[in-house]
Protein chains: 2
Amino acid sequence: LKEGKITGAINVVWDGKSEKYMRKPAQGELNLTPGAAYVHICSNETIEGIRFNNFPQTDAPLIADMSSEIMSRVIDVNKFGMIYAGAQKNIGPSGLALVIIKKELVARCPDTVPVFFRYKTHAENQSLYNTPNTWAIYIVKLVTDWLLGLGGVAGMEKINEEKAALLYKTLDASAYWTTPANKADRSSMNVVWRLPSEELEEKFVKQATAAGLIGLKGHRSVGGIRASIYNACSLDDVKALCAFMAEFEKSNG
Amino acid sequence: LKEGKITGAINVVWDGKSEKYMRKPAQGELNLTPGAAYVHICSNETIEGIRFNNFPQTDAPLIADMSSEIMSRVIDVNKFGMIYAGAQKNIGPSGLALVIIKKELVARCPDTVPVFFRYKTHAENQSLYNTPNTWAIYIVKLVTDWLLGLGGVAGMEKINEEKAALLYKTLDASAYWTTPANKADRSSMNVVWRLPSEELEEKFVKQATAAGLIGLKGHRSVGGIRASIYNACSLDDVKALCAFMAEFEKSNG
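Residues numbered from 1 in each chain as written. Chains lettered and ligands numbered in written order. Predicted model: local features only at pLDDT ≥ 70, side-chain atom pairs only at ≥ 80, totals over all residues. Heavy atoms only, no water.

J.: How do you make sense of the environment of Q27(A) when you look at a structure like this?
T.: Residue and element names in this part refer to chain A. Note on placement: Q27 falls in the loop between helix 1 (2–7) and strand 1 (39–42). Residue classification places Q27 among the partly exposed positions, given a relative accessible area of 38%. Each C-alpha atom, one on Q27 and one on F55, is 8.5 Å from the other, the two residues being 28 residues apart in sequence. If sequence neighbours within four positions are ignored, Q27 has contacts with L32, P56 and Q57. (Helix = DSSP H or I, 4+ residues; strand = E, 2+ residues; numbered from the N terminus. Buried < 20%, exposed > 50% of the residue type's maximum accessible area, 1.4 Å probe, protein only. Contact = heavy atoms within 4.5 Å.)

What follows is the structure in structure tokens.
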């Protein structure tokens, strides 16, 4: 939004701020602009743990930042004018980005854009206009080989659904845990919950870390607990987390 | 030059094209523009193997692309408004760039530049505005530790001078080899030479490769032979190359 305002007129189609970003908007709530150049969404939100299960219907090309869920579930790429994603969540190492863009949008680029920043430049040069991040590209090859071995994105999606279902089931089974995100919009990548007190949350993170379950502290802007169960996190990892949670609740309930 | 023309008025201060880029310009040859925003140079040129031994004197801030010689010799950083370099030659892996910039130039940035592309953004956020190429940064730490162990850039410069002197001495000792670059402007990173015929050059590269001396083929735009003896190339490597050259000349002279 901040960057877009520098380049042109921006219309905020929907703002979840007043509801603390706990849900995604319904189609009817979107204040779409007729004749807009594009509509931008973030398909999965990592702080509160929400995602678009159904993507907005738009006349303008839909552009999605899918950094935090790319390759985690089957997406109909044809619905999007452009999809982009930083590699560091599900694709490979940081320092690389993936872009899937319609040819007609590649062509739509004013001459005032520096040559290096035109998608056209990179499309025409098969992503070798500059010397790219070669090591990261090699690792992406290994990651995608591994993904293909699991049945591709469709196979990965099944595993991710199982992981998320198990964790949400554990959370929903007891009033000890509370999940602020709207149920229909729950992310299968970022699962966010609270404990009865901040003291217990601190204790939870500390003991989990000691048990080898790391990175569970919620985003600093909202607190609480967050499990980022990206593709690299296995079903066994989630099972271990749920077992730890059961033990923790028994001792601290 | 191509990118600069998109943003503003450009004056080509000097063009080496008519002399096939075999030398750097003298101070008196520069057609400097009074009141220019900056003057841009490439301090070391990799195709013909030339470099600025003495940098231009300019009233406008001097900006240098030092990708192919950064950390190879001691430079008075104060003479430059900005120095930038891709990491992949002497700093570390590809996919990372180094920028050394004067604070007054960081501040000089129009509001029309996207936030992400402002040096100010990255300076204020200590290069952590985005998730950077973490693996490459770690490797840069290992490379700089190694460099410090050799006596830092000053220590490296001595080694590089010895490497280049040995190779140029070998080339100058026999009319079998010819070196197109102007002697006063010879690069200590990229050493370029020719053999009596293109057939011999092809044979040279082939036999060198078989002997473990790789990457010696000249740039496709000029042909010939090129040894890129960056920091990672040791004095022993250059000695091995010179020994191979002596043998080759004996067998094919």
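Structure's up, so let's keep going.
J.: I'm lost on the interface of chain B and chain A in this one. Help?
T.: It is common to give the size of an interface as the accessible area lost on bringing the parts into contact. The interface of chain B with chain A comprises 20 residues on the first partner and 20 residues on the second. Overall, the association of chain B and chain A removes approximately 1,500 Å² of surface from exposure, summing both partners, and the carbon and sulfur fraction of that is 58%. If you look at where chain B meets chain A, you find 0 salt bridges. Run the count over chain B and chain A and you get 8 residue pairs in polar contact (both at pLDDT 80 or more). Going through the elements one at a time, helix 1 (2–7) and helix 4 (134–149) of chain B are the ones with two or more residues in the side of chain B that touches chain A. It is helix 1 of chain B that contributes the most residues to the side of chain B that touches chain A, 3 residues altogether. Across the side of chain B that touches chain A, the residue classes break down as 9 nonpolar, 7 polar and 4 charged. (Buried area = accessible area lost by both parts, 1.4 Å probe. Salt bridge = Lys/Arg side-chain N within 4 Å of Asp/Glu carboxyl O. Polar contact = N/O pair within 3.5 Å; in protein donor to acceptor, adjacent residues only side chain to side chain. Nonpolar A, V, L, I, M, F, W, Y, C, P; charged D, E, K, R; others polar.)

J.: Would you mind showing me how to read the state of the cysteines here?
T.: Residue and element names in this part refer to chain A. Tallied over the entire structure, the rule returns 0 disulfides over all chains. Cysteine C242 is unpaired, with the sulfur of C233 as its nearest cysteine sulfur at 10 Å. Its relative accessible area of 9% is what places C242 among the buried residues. (Disulfide = S-S within 2.5 Å.)

J.: Honestly, the side chain of N133(B) in this entry has me stumped. Any pointers?
T.: Relative to the helices and strands, N133(B) resides in the loop between helix 3 (119–124) and helix 4. Here G95(B) takes part through its backbone oxygen, which lies 2.9 Å from a polar atom of the side chain of N133(B). Discounting residues that sit within four places of it in the chain, N133(B) has contacts with S94(A), G95(A), N133(A), S94(B), G95(B) and L96(B).

J.: In this structure, what is going on with the sheet that holds strand 5 (residues 82–86) of chain A? I would like to understand it.
T.: Hydrogen bonding along the main chain pairs the strands of a sheet, whether they run parallel or antiparallel. All names here are of chain A. Strand order in this open sheet of 4 strands is 1-4-5-6, and the pairing throughout is mixed. With one partner strand each, in any of the chains shown, strand 1 and strand 6 (97–101) form the two edges of the open sheet. Each neighbouring strand pair of the sheet contributes to a mean axis angle of 15 degrees, computed without reference to strand direction. When strand 5 meets strand 6, the two strands line up antiparallel, connected through 5 bridges. Bridge pairing in strand 6 links G86 to A97. (Pairing = 2+ DSSP bridges. Axes fitted to C-alpha atoms, helices over the stretch in contact; angles between N-to-C directions.)

J.: Explain the relation of the copies chain B and chain A here, please?
T.: In summary, the two copies of the chain are related to each other by a rotation about an axis coupled with a shift along it. Mapping chain B onto chain A leaves a residual RMSD of 0.0 Å; the transformation is a rotation of 180 degrees accompanied by 0.0 Å of translation along its axis. Here the transformation between the copies is reduced to the relation of a two-fold axis. Minimal C-alpha separation from the rotation axis in chain B is found for G95(B), amounting to 3.4 Å. Most of the interface of chain B is mirrored in chain A, where 100% of its interface residues again form contacts. (Least-squares fit on C-alpha atoms with pLDDT ≥ 70 in both.)

J.: It is not clear to me how the sheet that holds strand 6 (residues 97–101) of chain B should be interpreted in this structure. Could you clarify?
T.: Residues and elements named next belong to chain B. Taking strand neighbours across the sheet as the criterion, the 4 strands line up as 1-4-5-6 in an open arrangement whose pairing is mixed. Two strands close off the open sheet at either side, each with one partner strand: strand 1 (39–42) and strand 6. Between one strand and the next, the sheet's axes are offset by a mean angle of 15 degrees, whatever the strand orientation. Pairing analysis gives 3 bridges linking strand 4 (residues 62–65) to strand 5 (residues 82–86), with the strands arranged parallel. Counterpart to D65 in the pairing with strand 5 is Y84.

J.: Explain the packing of helix 6 (residues 198–210) of chain A against helix 7 (residues 235–252) of chain A here, please?
T.: All names here are of chain A. Taken N-terminus to C-terminus, the directions of helix 6 and helix 7 make an angle of 135 degrees; their axes are 11 Å apart at the nearest point. On the basis of the axis angle, helix 6 is oblique to helix 7. The interaxial crossing formed by helix 6 with helix 7 has right-handed handedness. Here helix 6 contributes L200, K203, F204, Q207 and A208 to the contact with helix 7, which in turn contributes L241, F244, M245, F248 and N252. (Parallel < 35°, antiparallel > 145°, perpendicular 65-115°, else oblique. Left-handed = near helix turned anticlockwise from the far one by under 90°.)

Just distances and angles here, no functional claims.
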